[in-house]
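Results of the structural survey
The primary structure of each chain is shown beneath.
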Amino acid sequence: MSDVIQQYVSPQAPGDWPGGDGGGGGWPRYPRIYDAIPASGPTTGGNTVLLTGSGLLGTNQVTFGGVPATLVSQDPSGNSVTVLAPPHAAGTVQVIATTPRGNSNAVSYTYTVTTPTGPTVTTLVPSSGPTTGGTAFAIVGTNLTGGTVTFNGAPALGVSINASGTVLTGTTPPGPAGNVPVVVTTPAGSTTVAGGFTYTAPPPVVLSLVPSSGSATGGTAFVLIGSSLTGASVTFNGVAATGVSVNASGTALVGFTPAGPVGTVPVVVTTPTGTATVAGGFTYTAPPLPVVSSLVPSSGGTAGGTAFVLTGSNLSGASVTFNGVAATGISVNASGTALVGFTPAGPLGNVPVVVTTLAGSVTVAGGYTYV
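The rules behind each value
Residues numbered from 1 in each chain as written. Predicted model: local features only at pLDDT ≥ 70, side-chain atom pairs only at ≥ 80, totals over all residues. Heavy atoms only, no water. Phe/Tyr/Trp six-rings, centres within 6.5 Å; stacked < 30°, edge-to-face > 60°. Helix = DSSP H or I, 4+ residues; strand = E, 2+ residues; numbered from the N terminus. Buried < 20%, exposed > 50% of the residue type's maximum accessible area, 1.4 Å probe, protein only. Polar contact = N/O pair within 3.5 Å; in protein donor to acceptor, adjacent residues only side chain to side chain. Contact = heavy atoms within 4.5 Å. Patch = residues over 30% accessible without salt bridge, like charges linked within 9 Å, V, L, I, M, F, W, Y side chains within 5 Å. Areas by Shrake-Rupley, 256 points an atom, 1.4 Å probe, with all protein chains shown as cover. Salt bridge = Lys/Arg side-chain N within 4 Å of Asp/Glu carboxyl O.

All chains considered together, the criterion is met by 11 aromatic pairs. The interplanar angle of 85° and the centroid separation of 5.0 Å between the aromatic rings of Phe-64 and Tyr-109 together place this pair among those described as edge-to-face. With Phe-64 in strand 4 (residues 61-64) and Tyr-109 in strand 10 (residues 107-112), this pair connects stretches of sequence that are 45 residues apart. The pair formed by Phe-64 and Tyr-109 is uniform in burial state, with each residue classed as buried. Judged by centre distance (5.1 Å) and plane angle (90°), the ring pair of Phe-322 and Tyr-368 falls under edge-to-face. Here Phe-322, found in strand 36 (residues 319-322), pairs with Tyr-368, found in strand 43 (residues 368-370); they are 46 residues apart in sequence, far enough to count as distant. Judged by relative accessible area, Phe-322 falls into the buried class, the value being 1%. Put simply, the rings of Phe-137, Phe-151, Phe-197 and Tyr-199 touch in pairs and so form one group of aromatic residues.

Pasting the structure below:
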């Protein structure tokens, strides 16, 4: 009798109390599981499962269909254990906890195959940037975990995604000017960002103009060196240059100057993305005066119509008068060394002949004699 009393009054260990089943104030002999919360999860595992019960203190293993779970925490009173479910094939399995006192009863847990949800995008900021790329951007949405991003098919750089899969950041790759598609792709699918991304070409930049001066008559060949010159036009004092052409990389532009006033004038380069004024402008210099070395013939009928030839230099663009009346059919060779035309009608006698260009006028020695 005293032995029995001793068992109730001074047990050797709480687990040795007889009749214990988790109730009535006694310590249970064996662990018990009441519920698995939740009672189902994905086949990929990794989700948190709370096991409620009694006598679970000291749980050293929990298995799902024989596969060990990851222990996360235990209730000091032994009433619960939190685990991360392991991966498992679809179907219902038995969950069992193991403590120093033995294995618990089994409760059911169902693995289900879940279809991954594709990414969604609500915002892309900013929505534009330079064609050179390197613009830092952020995409806000859902289900972005494991995502990649392309701009016009080119992958973005330095992509990073937050833990919740709601924010994706990176930098844009280089791209062509204009609006391009932006696509976010995850293992679950792809989505195209509404509005895309607009690449903007930078304004033109001019580093040098060679030569920086030329004749006021125009026609001076020039070269502009810079960047973003594609599609450019050029004006000298507001007058368009001719023969303008730009290389494929947009770094060099060539053309011919228009005629202009003597002195320094502004030079402006214009593209669809902006304008640039060339530092120092362009200086028009006075062309040399025309020079006449001979007039053949030196005489002709008063009725006019006599064909004549003036030889000399700097005759480009020249006009000729006989006694103040303009000659007709004037033409000058490319080198400006010969001029031909027909005399106007004139009075008997010797009259002055004047050759005029943009640079000025000269009177032909000996004049012309009407006979």
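From this point on, the discussion continues.
Let us look at the environment of Pro-261. Tracing the backbone shows Pro-261 in the loop between strand 28 (252-256) and strand 29 (263-265). For the pair Pro-261 and Leu-358, spaced 97 residues apart in sequence, the C-alpha to C-alpha distance is 9.9 Å.

Inspection of the secondary structure assignment puts Thr-59 in the loop between strand 3 (48-54) and strand 4. Look at Thr-59 and you get buried, because its relative accessible area is 3%. One polar contact links the side chain of Thr-59 to the main-chain carbonyl oxygen of Leu-56, over a distance of 2.4 Å. Setting aside anything within four residues of it in sequence, one finds Thr-59 in contact with Leu-71, Gln-74, Val-81, Ala-97, Thr-98 and Thr-99.

A surface patch of nonpolar side chains, about 390 Å² in accessible area, is lined by Val-205, Leu-207, Val-223, Ile-225 and Val-254. Among the elements of the structure, strand 22 (205-210) and strand 24 (221-227) are those that each provide at least two residues to the nonpolar patch. In this fold, Val-223 is placed in strand 24.

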